[in-house]
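Read off the chains here:
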Amino acid sequence: FSDGVIVDVSPPNPGVVHDGPSLLSDVNYQSSTSVVEAVWNPFVDPESGIVEYRWGLGTTPDDTDAMNFTAVGRITSGKAENLLLAHNVRYYVTVEAANGAGMIAHGWSNGFVVDITPPELTEVNT
């Protein structure tokens, strides 16, 4: 006797990935060249569930050329430090989720630009 077997032949459905530490807002620019934070809505897999997330950072969506994938278990956020990010470059957070059957899905953010220059003062109104 068994309770049956659930066959899962589909990858998880990706959640929305946000640059920055909050689901309520998405970072478009940041001044830090060494720290990145990301948060994402949970990915969904009704057959076998999500067993692990990994996240990385790249200069194109679904790439990890700036930071290799890092496992975070079932936590839906990540923070990385000691990075070497370049000024005026757009970076994208990519999240990879694995379900209980070992199938993987990717989701990525809309990106953020590193801007280390202060604003220019062009006119003072008195």
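Structural data are supplied above this passage.
This is a predicted model, so every value here is computed, not measured. (Residues numbered from 1 in each chain as written. Predicted model: local features only at pLDDT ≥ 70, side-chain atom pairs only at ≥ 80, totals over all residues. Heavy atoms only, no water.)

Visitor: Teacher, can you tell me more about the pairing of strand β7 (residues 90-99) here?
Guide: The side chains of a regular strand alternate, residue by residue, between the two faces of the sheet. For β7, the buried fraction is high: nine of the 10 residues fall into the buried class. Bridge analysis of strand β4 (residues 50-58) against β7 gives eight bridges, and the strand direction is antiparallel. Among the inter-strand pairings, arginine 54 is bridged to a residue of β7, identified as glutamate 96. Bridge count for β7 against strand β8 (residues 104-108) is five bridges, and the pairing is antiparallel. Each bridged residue has a counterpart across the sheet, and for threonine 94 the counterpart in β8 is tryptophan 108. Linking β7 to β8, which pair antiparallel, is a turn of four residues; within it glycine 102 sits at a positive phi near 85 degrees. (Buried < 20%, exposed > 50% of the residue type's maximum accessible area, 1.4 Å probe, protein only. Helix = DSSP H or I, 4+ residues; strand = E, 2+ residues; numbered from the N terminus. Pairing = 2+ DSSP bridges.)

Visitor: Mind showing me how you'd approach the nonpolar core here?
Guide: Val36, Trp40, Tyr53, Trp55, Leu57, Val93 and Val95 are the most contacted members of the largest nonpolar core, which totals 20 residues. When residues of this core are traced back to their parent elements, those giving at least two are β3 (36-40), β4, β5 (67-73), β7 and β9 (112-114). (Core = buried A, V, L, I, M, F, W, Y, C linked by side-chain atoms within 4.5 Å.)

No statement about biological role is implied by the geometric values presented.
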